[in-house]
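For reference, the chains in residue letters:
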Amino acid sequence: MAPQKDIVKIAIQMPGAYPQLIELDQKKPLSAVIKEVCDGWNLQGPDNYALQYADSVQTYITETNRLDIKNGSILRLTKAPGRCAEDLYKGIQSSDSGVRCDSLKQLADVSTDITFAQEFISRDGHSLLVQIVEEDKESCLIMTHTLTGFMELMDHGIVSWENLSSAFIKKIASFVNAKVQDASIQRLALAILENMVLSSNSLFQLVRQEVTLERLITHLQVTNQQIQTKAMALLMALLQTAGEVDRQELLAYLGNKNLRQYIYKNIIHSSGPVGDEMAHYLYVLQSVTLNLLEPLMRTPLDSYNQDQRDMLHNLRQLAFETESEGSLSNERRRSLCAKEFKKLGFSNNSNPGQDLVRAPPGLLALDTMTYFASRYPDAYSRFVLENSSREDKHECPFARSSIQLTLILCEIFRIGEPPSETRSDFHPIFFSQDRIFNELFCICIQLLNKTWKEMRATQEDFDKVMQVVREQITRTLASKPTSLELFKNKVNALNYSEILKLRQTERLHQEETLAPPVLAVPVVKDSLLVQDRRKSTLGANELKERLKPELLELIRQQRLNRLCHGTLFRKISSRRRQDKLWYCRLSPNHKVLHYGDVEEDTETPPIETLQEKIPVADIKALLTGKDCPHMKENKGKQNKEVLDLAFSITYDVEEYSLNFIASSRTDFCLWTDGLSVLLGREMSSECMRSELEILLSMEIKLRLLDLENVPIPDAAPPVPKPPSNFNFCYDFSQTEQ
């Protein structure tokens, strides 16, 4: 008799017959199992049959994946993949259009299974689909099924995209370029071209020649969100695959064709919300476009370059109405220039170019200063002259502030970093204006001057002011303003006093961590501490250790509750992003992980709809980062951000794994902590440590309150009446005169 661990109790269905309940011996050959099932229903020719999951996935059972079968699984006896492939291959060639349509529709459904795909492709079935597309004689419905089946077959990576004929590629491109075409065909054609572009440089060149970019922009103006998304996906594939020169040419062309305005009007301000996939492509476009500033950012100023020296002197001349320098001696002219460069806020007033040698921000800082001075000359002159009239220690140095502000904006927008495969946090404001980086600088440099006055800052406070300005910018951008005017209003409303209020609660635990009490604390009464602390003096560290177990248990319960609620994950594919969403959640009794594929607009699917299950008792290990199987398979292709979000669980005999890529570091910490709790291990994430410090800080402060002889009422005290006037309150929002 086979060991109990090799036995799986399952049900097998077949249309028109009573289900069979069997004990599947995993050590027995699958062909023998199928023969026994066929014998139970008196079916001849067991070689013509195969087992398949009965749920919506309908994956064929093979010797490779049979160990995934769990107790309670429901299977179905169906046609063997080879026989199914042969029948569909013949049906597609039928002279009856109805038979062809039904065969292609079924092909589109079953091609998601790799076992079937291998059988169909081995019969050269994919070439038959290519032929149907090239001839283009079928109805829209048949062509839609053909393209769907073709996409599913190619997605397995069995056949290389480079093997496709130029005639096929041109025909697919013609579907995209056509002014009148079925929406489903255009959507599939766009997806096929995207995969071609991402697969090789030669196909990139061919697709670029065949596809009309102006037509792609037209697709962004339609109301069909799927067409919009696939058109944007193809555009981003072209941009990311292109070389540096080609990319600049493409962006210049798209800029001339008003791509930004079309996106702003038809996507960002459309009636419906922006989907996750579209949000990712908008983020990619934002990243690729802003990265055009990288060469400037990484190039230091060249003191021997006359054009760059002229730009520096133009800054000085725009700020100060100087007497004619032609009549001055060289010594007098140098002295005057040095004095004015000092008023401009350059540290090295005799050779201001030295301030711009550091890269980043390099020449980009000079570019932003020049843009501000020429675009908004009144605001520029007001900034410089206003600070020139202050005491030296209170003046806000324009040049030094501009250089640091440019660096801050580069860091906020991650200029110089390649686009992430998982991020989708685009800024709507980016699509509201040309030269958005420079325009944001112009707003933020004036904000910096305003904040400097609100803080009554001196030169020693420079770094502190820059930290506040960074916080003002990041908090405002996080609210996703859709226009420069809205950004300007919000960021100016977020003055220094507002920042202090927001920081007050957020930074309490940081202060506690940076400066923990080391002295003994006074004795606290019985009503506040447990009895074993009576009449004793405890150090804060000892008190922390006593509180930790209770607070750690609170965090553990929160993590398990989060796992029970579940999370939406996105699968990462090198070829395409669509149709790759799945959901995972823990059962309420903490004994089973349920997971399964879901649609994009799914929020929290019922646990019954998640067909796949992994008993917690079968989980053997939790892996993170580069140790994960899906990171090893794509070694060299994953960036650090994806590695930091990847984790896997291995189960059964550690040969099978469930692979995750979290959407954020917070989700990564919550899931790895929760899985560690399920496995009986210690939580180790940075989120856990941060939350523990916050809870400890709050608990200690509450317990060390001096409440002796202080009566604590049962009800809240009444709110006092407002004062007759507010003359005692200083309004920090008023600027310094």
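One can find the structure itself at the top, above this paragraph.
In short, a report on the structure. Everything quoted here is computed from the prediction, not taken from an experiment. (Residues numbered from 1 in each chain as written. Predicted model: local features only at pLDDT ≥ 70, side-chain atom pairs only at ≥ 80, totals over all residues. Heavy atoms only, no water.)

Further remarks concern the packing of helix 2 (residues 81-92) against helix 4 (residues 114-122). Between helix 2 and helix 4, the shortest axis-to-axis distance is 9 Å and the interhelical angle comes to 50°. One finds that helix 2 runs oblique with respect to helix 4. Between helix 2 and helix 4 the crossing geometry is right-handed. Residue-level inspection shows Pro81, Gly82, Cys84, Ala85, Leu88, Tyr89 and Ile92 of helix 2 in contact with helix 4, the latter providing Thr115, Phe116, Glu119 and Phe120. Grouping the amino acids of the contact of helix 2 with helix 4 by side-chain chemistry returns 8 nonpolar, 2 polar and 1 charged. (Axes fitted to C-alpha atoms, helices over the stretch in contact; angles between N-to-C directions. Helix = DSSP H or I, 4+ residues; strand = E, 2+ residues; numbered from the N terminus. Parallel < 35°, antiparallel > 145°, perpendicular 65-115°, else oblique. Left-handed = near helix turned anticlockwise from the far one by under 90°. Contact = heavy atoms within 4.5 Å. Nonpolar A, V, L, I, M, F, W, Y, C, P; charged D, E, K, R; others polar.)

Turning next to the packing of helix 2 against helix 3 (residues 97-110). Running from amino to carboxyl end, helix 2 crosses helix 3 at an angle of 140°, the nearest separation of the two axes being 8 Å. Helix-helix and strand crossings are classified by hand; for helix 2 and helix 3 the assignment is left-handed. Every residue of helix 3 that contacts helix 2 at Cys84, Leu88, Gly91 and Ile92 is listed here: Val99, Arg100, Ser103, Leu104, Gln106, Leu107 and Val110. Class assignment for the residues of the contact of helix 2 with helix 3 results in 7 nonpolar, 3 polar and 1 charged.

The subject of this paragraph is the pattern of salt bridges. By the definition in use, this model includes 32 salt bridges. The partner of Arg298 in a salt bridge is Glu294, and the shortest N-O contact between them spans 2.8 Å. By relative accessible area, which is 24% here, Glu294 ends up partly exposed. Among the charged side chains, a salt-bridge network with shared partners connects Glu86, Glu119 and Arg123. (Salt bridge = Lys/Arg side-chain N within 4 Å of Asp/Glu carboxyl O. Buried < 20%, exposed > 50% of the residue type's maximum accessible area, 1.4 Å probe, protein only.)

Turning our attention to the state of the cysteines. Any covalent bond linking the sulfur atoms of two cysteines counts as a disulfide. If you walk through the whole model with that rule in mind, you get 0 disulfides. Between Cys687, a cysteine without a disulfide, and Cys669, which holds the nearest cysteine sulfur, the sulfur-to-sulfur distance is 3.4 Å. (Disulfide = S-S within 2.5 Å.)

With respect to topology, 4 strands assemble into an open sheet ordered 2-1-4-3, the strand pairing being mixed. The sheet is open, and its two edges are formed by strand 2 (20-25) and strand 3 (49-53), each paired on a single side. This sheet shows a mean twist of 40° between the axes of neighbouring strands, independent of strand direction. Sheet topology note: the strand 1 (residues 7-13)/strand 2 ladder contains 6 bridges and is antiparallel. Each bridged residue has a counterpart across the sheet, and for Ile12 the counterpart in strand 2 is Gln20. Helix 1 (residues 30-40) contacts strand 1, strand 2, strand 3 and strand 4 (74-79) of the sheet and is inclined by roughly 95° relative to strand 3. (Pairing = 2+ DSSP bridges.)

Nothing here speaks to function; it is geometry throughout.
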